[in-house]
Amino acid sequence: MSPVTPDSLPATFSDDLAHVCAVSPFVAEHYRRDPAHFLESLGERRPHSGENYAARYTEGLAAALEGVADEAELARRLRRFRNAEMARIAFRDLAGWSTLDETLFDLSGLADACLQAALDFHHSRLCERYGIPVDSRGNPQRLIVLGMGKLGGGELNFSSDIDLIFAYRDDGTLPDRKETSHQEFFTRLAQALVKALDAVTEDGFVFRVDTRLRPFGESGPLVMSFDALENYYQAQAREWERYAMIKARPVAGDLQAGAELLHFLQPFVYRRYIDFRAFGELRELKRKINQELQRKDRADNVKLGRGGIREIEFIGQAFQLIRGGQDKGLRERRIQNVLAVLGERGLLPADVVATLQEAYVFLRRTENRLQAMHDRQTHDLPEDEDSRRRLALAMACPDWASFRQALDAVREAVHGVFGQVIASGDEDSAGNEARRIWAGREEAEVFPGLLGEMGYRDPAQVLEHLRKFRAAPPLRRLSARGAAELDRLMPRLLQAAGLGRQPDVALARILVLLEAVATRNVYYTLLAENPAALTQLVRLSEASPWIARYLARFPVLLDELLDPRQLYSPRQIDELRADLRRQLASVDEGDEEAALNRLRNFKQAQVLRVAAADMVEAIPLMVVSDYLTAIAEVLLEAALQLAWRHITAKHGVPPGCGAALEISGFAVIAYGKLGGIELGYGSDLDLVFLYRDCDAGAVTDGPRPMGTAPFYARLAQRLVHNLTANLPSGPLYEVDLRLRPHGASGLPATGLRAFETYQTDSAWVWEQQALIRARFVAGDPTVGREFARIRAASLGRERDVAALKGEVREMREKMREALARKAAELFDLKQGGGGIADIEFLVQFGVLARASRQPDLLEFTDNVRQLERLAGGGFLTQGQAETLKRAYCAYRALAHRAALDEREAVVAAEELQDLRAPVQALWHGLMDTPDSLP
C-alpha cells in the first residue's frame, strides 16, 4: 500500500489540519509527534456492521498487540493504540469528516476492542494457571462483560468512563490444587481487566472503568453467576436499575451468553403491560435531577445541567420504561432511535422530536469537542478565554457569545420538554377543599357547601356516592400503596369533575370505574399523574355511560386518554393496518394467545377513539360506521392470517396455493352491517366463508395431510375461534354464520361451485336480499372476485316483479310483527313504520327488481349509494331518493347516539314525523299497491 501523504487526502486537508490543531492541542501534539503515522491513520476506512462496533478495530489492534508477553507491555501498547485512535477520531470529528453517529460508533468500537483484547490476554493467563472453567454442560465458559450507559448504547463520548457489569453462566470449581471456584476465577479476571484499562501509567490510561452499576453497588461482588443475578433482579433490585439496564449490551467475552442474559432479564426492565407504576420512580428521579440543577456547579454542565444531555435521555427512557413492555420498537439502546420511534408512534409531536434530535446532536458535539480539546473528562463549559475561543471555533461559531446564545436556546428548548414529561406530583394541583372532602374526618357539615361551590348539583347525593365507594369491598382490600395512590387521585378527581358540565353524573360513573380497577391500582397512578387524562375521562364519562362502562371493562384504554390529539382522531384503514402490523410484530412468534389479546386491545383502543370523536362531534355522525367497519376489516384480516398460520403449520397448504404464509383459496364474505359498511358499536359480524374447489382426492402438503374441504372448514373454525374466544381481554367480535347456504345446518365453509349452485337454484328471496349487502373483506382476492361474479349473476337475473314484491312485503310484515314495538307512544328507529327496515327493504326490492336491466345497482353494498343508483335508473325520483337518504342517515345517527347513551333506539311517536311520514308514503305507494310495478 502506498504511503498516505497530504496530497492523497481531501483537498481541504491543509485547512482542516490547521483548524483542528487550533481547537485541539491534544490532536496537534499527536500530529507533531509522528506526522506520517497520523496521516496513515486518517486514510483508513474501517468496516462497521450493526452493533459490532469493535469490527472497526479488530485487525489493527491485533497487529498492535502481536507478541505481547506481559502485563506491562500489554498496558503500554493498549494505551498507545488508544491515544493514536483517539487523536484520529478527534481529527475526523473536528474536521467534519465524520457524522456524530460515526464518531460515537468509533469511540464505542475502540472501547469494545480494547476490552476484548485485554480480556483475551488475561483469560489465557488465568486458564494456564487454574484451568479452564466449564459450564453445567461441560462447555468452556468465558466472562460476560456488559457495557452500560453510553458504552452500552454505542454512544460513547471522548474521555468517558465505561460502566461495566461482569457475569458468568454457571458456578463450579476448577481442576487446580486449591479447587478454585468459578466465582474467584472470574473475579480475578475482572480485576485484571479493570486494571489493564483503568490504571494510569506514563502513557495515560485506556478507559476509566466504573463498576458501581453492578448488583449491590460497590458493596456487592464484582462478578456474579446467572443464578445469583436472577435472584437479585427478581427480589432485590431497585427501580433505578431498570433505568440503567435499558442500555445494557454485551461488549466483550461471551457475547452470545451475554445476549441470553439480557433476554432473561428483559421482563425486569420491560414490564409486560404498560407500566404506569414507573411514574412514581421516574417522578422521584426527575425531582433529584431538578434538585441537582440548583447546584451552582451544574449551571454550565452540558450533560447534567439545565436542558442538558441527561434531560433528553430521561425523556426517551421514561417512555421506554412505561411502554417498552408492549412496544418492542422502544427497546432501543440509542436515544436518537428512541426519539424517532416516539415520533413514529405519535407519542411525541413530530416538531418536538425534531427539536430533541437536533438538540442532542448539538449537545453531544459540544461535549465531544470540549473533551477532545485536551483529552480530558469534562462536561463543564470552559472559563478561560482561549478554551472558549477554541470551543466556539470547533462548533463553527464566530465567537463565544454567538455559541453561548445557540447553546442557551437549545437547552431552553430541551428543558421545556423535560418539564412536561412526568408530572411533578405537586399536591397543590388539587384544591384544599377537595382534599378535605376526600379525607372526610372532620367538618363534615361544611362538605355540602364546599361541593356546591365546586360545581356539584346535588352535594348530598355526591357524599353518599363517596361513602358507598369507600365501603366497597375492593376498596377495603387495597394495598397500602393502592390506598396512597387513591388518596392522591381523589381530590384531583373531585376538582376535575366539578369543572365539567355534569359533575354529579361524571363522578358517579367514574367511581364505578375506579372500583372496577381497584385490583390494578396502577390506573390510579396514571390518572393522578396525568391531569390531561383525568380531564378527558371526566369529559367522556359525563357524555356517555357507554364509554364510561367501556373504560371500566377495559381499563388498559385509560392510556388512550393521555394524548387528546390521538384520542379524538380515528385512523383511516391504511393507518390501522400499519399500526396493527407493528403491534403484532412486537408479539413473540408462536405466542398465539398474546397475539389474540393484542387484536382485542387494538380494537378496544380504536373503537374508543371513534366513540370519543363521535361524542364531541369531531367526525360526522354518518362517518362513524365507516371507521367501525374499517376497524373490523383490519382485524378480520389479521385474525385470518393468524388462523392460516396455525392450520398450515399442522397440515400444510392445498394444491395450487402459493407461499405458505400467503392466504390462498379462501375468502371471508361480509353480510349485514359489515357488508353494508354500516357497523355500529355493538354489532356482531355476519360472515360466510368460501373456498376454491380442488380436484377430488386432493390433500394438503403438510406433516398431517387432509382433504381440501376439511382443511378450509378447519380454517373457518379457527378463524371463528380467533374472533370469539373469551380471553381476559374479552371476545373480539360475536360472529353469526346463519347466512351461509343451508343456514345453521350448513358446513362452516362452502366451495365456490356449491355456493353458486345454491344461490342460483335454491336461495330464498330473503337470502337474495341479504346477498345485496354482501362483499369480500379478507382472504384470497381471486376467490373474492369469483364471489363477486356469482353475486352479480344471481342478483342480476330476470324476475317476476309482482311475485317478488309480494314476497318482500310479506317478509317485512313478519319482521314488523315479530320485532317492532307494540307501544303506540314509541317509534322504533329500526323496525317501526317508516323506519330503517322499511328503507332497507325498499332498496332491496328495487335492486332485485331492476338489477337485470341496471347492473350498476350491484356495484355497491351500502344503502346510501344504492339509493343514488336507484334514482339514476328511474326506480325512484331524485326527490324520493333524497327523502329516503335524509331519513336513513338521521335514523342511523340517532341509533349511534342511543348506543353511546346506553338506551334503546326509540323516540316518542310524535317525534321525527317529518321523516317518517314521507317514508311511509313511499312504502305504501311502492309496496302496498300490487299494480305499481317499477
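Report follows, based on the coordinates. These figures come from a predicted structure and were not determined experimentally. (Residues numbered from 1 in each chain as written. Predicted model: local features only at pLDDT ≥ 70, side-chain atom pairs only at ≥ 80, totals over all residues. Heavy atoms only, no water.)

**Quick look at unusual backbone geometry**
In this structure, His742 is a non-glycine residue whose phi angle is positive, near 70°. When its relative accessible area of 54% is taken as the criterion, His742 is described as exposed. The phi angle at Leu912 is positive, at roughly 60°, despite the residue not being glycine. Residue position: Leu912 is located in the loop between strand E12 (906-908) and helix H40 (913-927). Its relative accessible area of 19% is what places Leu912 among the buried residues. (Buried < 20%, exposed > 50% of the residue type's maximum accessible area, 1.4 Å probe, protein only. Helix = DSSP H or I, 4+ residues; strand = E, 2+ residues; numbered from the N terminus.)

**A word on the packing of helix H26 (residues 545-553) against helix H29 (residues 592-615)**
The description of two helices packed together rests on the angle between their axes and the distance between the axes. The N-to-C vectors of H26 and H29 enclose an angle of 160°; their axes lie 11 Å apart at closest approach. Between H26 and H29, the angle is such that the two are roughly antiparallel. Handedness of the crossing formed by H26 with H29: left-handed. Contacts between H26 and H29 involve Trp546, Ile547, Tyr550 and Leu551 on the former and, on the latter, Lys603, Gln604, Val607, Leu608, Ala611, Ala612 and Met615. Class assignment of the residues belonging to the contact of H26 with H29 gives a composition of nine nonpolar, one polar and one charged. (Axes fitted to C-alpha atoms, helices over the stretch in contact; angles between N-to-C directions. Parallel < 35°, antiparallel > 145°, perpendicular 65-115°, else oblique. Left-handed = near helix turned anticlockwise from the far one by under 90°. Contact = heavy atoms within 4.5 Å. Nonpolar A, V, L, I, M, F, W, Y, C, P; charged D, E, K, R; others polar.)

**Examining empty space enclosed by the protein**
Per the stated rule, a full pass over the model turns up one cavity of 30 Å³ or more. Lining of the largest cavity is provided by Tyr671, Leu739, Gln759, Glu767 and Ala770. Looking at the lining of the largest cavity residue by residue, the class counts come to three nonpolar, one polar and one charged. (1 Å grid on protein atoms, 1.4 Å probe; cavity = no way out; pocket = protein on both sides within 12 Å on 5 of 7 lines; lining within 4 Å. Points joined across faces, edges and corners; volume = space filled by probe spheres on them.)

**Examining the nonpolar core**
In summary, soluble globular proteins display a tendency toward joint burial of nonpolar side chains. Counting residues in each nonpolar core, the largest one holds 115 residues, and the members touching the most others are Leu514, Phe666, Val668, Leu687 and Phe689. Beyond its immediate stretch of four places on either side in the chain, Val668 contacts Leu636, Leu640, Leu687, Val688, Phe689, Leu719, Arg775, Phe776, Val777 and Ala778. One finds Leu107, Ala111, Ala196 and Val251 within the second-largest nonpolar core, a separate group that totals 67 residues. (Core = buried A, V, L, I, M, F, W, Y, C linked by side-chain atoms within 4.5 Å.)

**Brief notes about the packing of aromatic side chains**
Following the criterion strictly, the structure yields 29 aromatic pairs and no others. Geometrically, the ring pair formed by Tyr168 and Phe186 is stacked, given 5.0 Å between the ring centres and 20° between the ring planes. With a gap of 18 residues between them, Tyr168 in strand E2 (residues 162-168) and Phe186 in helix H8 (residues 182-198) connect regions that are remote in the sequence. In this pair, the class of Tyr168 matches that of Phe186, namely buried. When the ring of Tyr691 is compared with that of Tyr712, the centres are 5.1 Å apart and the planes differ by 15°; the resulting orientation is stacked. Of this pair, Tyr691 sits in strand E7 (residues 685-691) while Tyr712 sits in helix H32 (residues 708-724), placing them 21 residues apart in sequence. Of the two residues, Tyr691 and Tyr712, neither departs from the other in class, the shared state being buried. One aromatic cluster is present, built from ring pairs that chain together Trp644, Phe666, Phe689, Tyr691, Phe711 and Tyr712. Seen from the ring of Tyr733, Lys603 lies directly overhead, with NZ or CZ sitting 3.9 Å from the centre. (Phe/Tyr/Trp six-rings, centres within 6.5 Å; stacked < 30°, edge-to-face > 60°. Lys NZ or Arg CZ within 6 Å of the ring centre and 35° of its normal.)

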